[in-house]
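Secondary and tertiary structure notes
Each chain, letter by letter, is given below.
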Amino acid sequence: MSTLTLGIVVIVYMFVIAWLGYIGYKQTKNASDYLLGGRKVNPIIMALSYGATFISASAIVGFGGVAATFGMGIQWLCLLNMFMGVVVAFIFFGRRTRKLGEEHNARTFPQLLGLHYNSRSIQIFIATIIFIGMPLYAAVVMKGGAVFIEQMFHIDLHLALLIFTLIVAAYVITGGIKGVLYTDALQAVIMFVCMLFLLFWFYHVMDMGFIEANQKLTEISPLVPDRFKELGHQGWTSMPVTGSPQWYTLVSSLILGVGIGCLAQPQLVVRFMMVESTKQLNRGVLIGCVFLIVTVGAIYHVGALSNLFFLKTEGVVASEAIKDMDKIIPLFIDRAMPEWFGAVFMLCILSASMSTLSAQFHTMGAAFGADAFPHLGRSKNTNSTMGVRIGVLCSILVSYIICYTLSAGIIARGTALFMGICAATFLPTYFCSLYWKKATKEGALASLWTGALASLIAMLFFHKAEAGAVGLCKALTGKDVLIDVYPWFAIDPILFALPLSIIAIVVVSLMTQKKSDNI
């Protein structure tokens, strides 16, 4: 397909997105509309938006590349995402979150916990973590979309990134959450249809059935590159050797980090507060499950099976056809799929990136303008959204700059990293606000600080993937990590930080609770 045709398709798509953003702008009358859609969002729109926000370009491009490189063990993440990210999130977290948000008239995630624990410090702390930490995740998503556009259009990465960022900025800043929700719903439909076609077309182009393809993939396990065998790779239909470096990366970083971290994602939590009743939340469970099974399950499955295609056409497996795992899926789409599908899949990647980015930018903007600086731009109009819009703009600029510092192969790892930090920092405090009445604000603050600091220390001094790249530990001690005895440097920070965060809120709450009872 020619660049001109691709350009026309993208332009039409962008005009539709702009139109939906304009509808959101026209329906946004006050701060409540801008932040929560007036708490009257259609449950189907909410569920589609939740799914589209959940699945970013990192899930398609980054984790698809991980599946191509390391195999179908990543499918456990799909299962955990569906169970934790939809079933547990909607039923056990969503209902109580909606009720708690309505009770406190909370409009943001930091505000929800700050008002529950009656602590402005908690609200500020969470807002700060969001505004400082989330740009890394946003930059990872931006890179995922830009890399694919670069591969498909054969244009300069910088130009693609700039145009892409400006479009997302336009409808998030103007349309607020309604603009985000409407565009998310369209993008979710595009992603669903695209992934479904991708799955069926792969079997068609390879002229294989489900069982035959998986058997063939099992048979080529001797072709695993030596550099991956040393890490524990046993083949694309087998889990890595238990306790190997690859096993720790797959299980502790990717599966647990993302699978558990999704429960404490601020941009996802706030969607529970947008619907009018619990019954409407229940309707979203089935939609969310089906959406995740098809979108995430398909790309992980096809990612692993792409090794058969590359072996047939290139004579080598996927990771040997192109060294950067972030570029395996774009290359596969370019080589294996019909020309017209390239344009459609590009829309899928754009949709995945834009839906996640819009939610992230909106969340960061709310943390800045509604939580950290609530009076910014409101001296004369209490319903002004100027502060939030300024926060959105600042977060976009920061994320755009960070994008230029990211290394190759960072997409999947960066996603897991941020979600793991969210789980360790926010999850215990968030869970206790819903289920444990004895949790105190002192306990919540202790948990937040413990989770954040433990994650940071583990990344800078213990976990080799980050400590080696940052170099602070090397500069201070002369070693890449403080404990260079295997497997300590391979264990993800979430396995240290989350238990410590849980212990902190329980112990400190019980201590301060007793003090309150005695008084």
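As recorded in an unreviewed UniProt entry, the protein goes by the name Solute:sodium symporter (SSS) family transporter, listed as coming from Parabacteroides gordonii MS-1 = DSM 23371. As recorded by UniProt, the Subcellular location (unreviewed entry) comment attached to the protein reads in full: "Cell membrane". Among the UniProt annotations of the protein, the heading Sequence similarities (unreviewed entry) holds the following wording: "Belongs to the sodium:solute symporter (SSF) (TC 2.A.21) family."

Details of the overall build of the protein
Across its full length, the protein holds 22 helices and 0 strands. Buried positions account for 60% of the 519 residues belonging to the protein. The contacts of the protein with a sequence gap of at least 6 include a subset with a gap of at least 24, amounting to 82%. For the protein, the accessible area works out to roughly 20,300 Å², and carbon and sulfur atoms hold 67% of it.

Here's the deal with the nonpolar core
With 154 residues, the main nonpolar core has Leu 198, Phe 345, Leu 350 and Tyr 430 as its most contacted residues. Here this core spans two domains, and each of domain 1 (3–375 + 383–410) and domain 2 (436–513) adds at least three residues to it. Those residues in contact with Leu 198, other than ones at most four positions away along the chain, are Ile 299, Val 302, Phe 332, Ile 333, Met 337, Phe 341 and Phe 345. In terms of nonpolar packing, the next biggest core, distinct from the first, is built from 6 residues, Val 481, Phe 489, Ala 490 and Ile 491 among them.

Looking at the pattern of salt bridges
Per the stated rule, a full pass over the model turns up 5 salt bridges. Notably, a salt bridge pairs Asp 184 with Arg 271, separated by 3.5 Å at the nearest N-O pair. Linking Asp 184 in helix H8 (residues 157–206) with Arg 271 in the loop between helix H12 (266–269) and helix H13 (278–313), this pair joins segments that are 87 residues apart in sequence. The pair Asp 184 / Arg 271 is uniform in exposure class, with both members buried. Across the pair Arg 335 and Glu 314 runs a salt bridge, and its minimum N-O distance is 2.7 Å. Here the residue Arg 335 occupies a position in helix H15 (residues 328–336), and Glu 314 occupies one in the loop between H13 and helix H14 (318–321), the gap between them amounting to 21 residues. Residue classification places Arg 335 among the partly exposed positions, given a relative accessible area of 43%. For Glu 314, a relative accessible area of 41% translates into the label partly exposed. Residues joined by salt bridges that share partners form a network here, namely Arg 227, Glu 320 and Lys 323.

Some points on the packing of helix H3 (residues 43–54) against helix H5 (residues 75–104)
For the pair H3 and H5, the least separation of the axes is 12 Å and the interaxial angle reads 145°. Crossing of H3 against H5: the hand is right-handed. Within the contact between the two elements, H3 uses Met 46, Tyr 50 and Phe 54 and H5 uses Asn 81, Gly 85, Ala 89 and Phe 90. A per-class count over the contact of H3 with H5 returns 5 nonpolar, 2 polar and no charged.

Regarding the side chain of Asn 81
Within the fold, Asn 81 resides in helix H5. Assessed through its relative accessible area of 3%, Asn 81 is described here as buried. Those residues within four positions of Asn 81 in sequence are excluded, and the remaining contacts are Phe 54, Val 86, Val 258, Gly 259, Cys 262 and Leu 292.

Focus on unusual backbone geometry
A negative phi angle characterises most non-glycine residues, just as the trans form characterises most peptide bonds. In this structure, Pro 487 follows Tyr 486 across a cis peptide bond, with omega equal to 10°. Its identity as a non-glycine residue notwithstanding, Asn 105 has a phi of 55°, on the positive side. Here Asn 105 shows up in the loop between H5 and helix H6 (109–116).

Section: the packing of aromatic side chains
Taken as a whole and judged by the stated rule, the model has 25 aromatic pairs. By the ring-pair criterion, three or more aromatic residues cluster together here, those being Phe 93, Phe 109, Phe 426, Tyr 430, Phe 431 and Tyr 435. The ring of Phe 489 carries Lys 464 above its face, with NZ or CZ at 5.3 Å from the centroid.

Re the side chain of Gln 265
Summarising the element assignment, Gln 265 is placed in the loop between helix H11 (245–261) and H12. Relative accessible area serves as the criterion here: at 0%, Gln 265 is assigned to the buried category. Of the polar contacts made by the side chain of Gln 265, one reaches the side chain of Gln 267; its length is 3.0 Å. For Gln 265, the contacting residues outside a window of four places in its chain are Tyr 137, Phe 418, Met 419 and Cys 422.

Quick notes on the environment of Met 364
Tracing the sequence through the fold places Met 364 in helix H16 (residues 339–372). When its relative accessible area of 0% is taken as the criterion, Met 364 is described as buried. Considered as a pair, Met 364 and Cys 394 are 30 residues apart in the sequence and their alpha carbons are 8.9 Å apart.

Considerations on a nonpolar patch on the surface
On the surface, Leu 500, Ile 502, Ile 503, Val 506, Val 507, Leu 510 and Met 511 cluster together to form a nonpolar patch covering roughly 590 Å² of accessible area. On the secondary structure map, Val 507 appears in helix H22 (residues 494–518).

Quick look at the environment of Val 66
Tracing the chain through its elements places Val 66 in helix H4 (residues 57–70). Taking the C-alpha atoms as reference, Val 66 lies 9.0 Å from Ile 328; in sequence the two are 262 residues apart.

Rules of the game
- Residues numbered from 1 in each chain as written.
- Predicted model: local features only at pLDDT ≥ 70, side-chain atom pairs only at ≥ 80, totals over all residues.
- Heavy atoms only, no water.
- UniProt positions renumbered as here; feature names shortened; annotations may be inferred.
- Helix = DSSP H or I, 4+ residues; strand = E, 2+ residues; numbered from the N terminus.
- Buried < 20%, exposed > 50% of the residue type's maximum accessible area, 1.4 Å probe, protein only.
- Contact = heavy atoms within 4.5 Å.
- Areas by Shrake-Rupley, 256 points an atom, 1.4 Å probe, with all protein chains shown as cover.
- Core = buried A, V, L, I, M, F, W, Y, C linked by side-chain atoms within 4.5 Å.
- Domains from an automatic or database assignment.
- Salt bridge = Lys/Arg side-chain N within 4 Å of Asp/Glu carboxyl O.
- Axes fitted to C-alpha atoms, helices over the stretch in contact; angles between N-to-C directions.
- Left-handed = near helix turned anticlockwise from the far one by under 90°.
- Nonpolar A, V, L, I, M, F, W, Y, C, P; charged D, E, K, R; others polar.
- Phe/Tyr/Trp six-rings, centres within 6.5 Å; stacked < 30°, edge-to-face > 60°.
- Lys NZ or Arg CZ within 6 Å of the ring centre and 35° of its normal.
- Polar contact = N/O pair within 3.5 Å; in protein donor to acceptor, adjacent residues only side chain to side chain.
- Patch = residues over 30% accessible without salt bridge, like charges linked within 9 Å, V, L, I, M, F, W, Y side chains within 5 Å.

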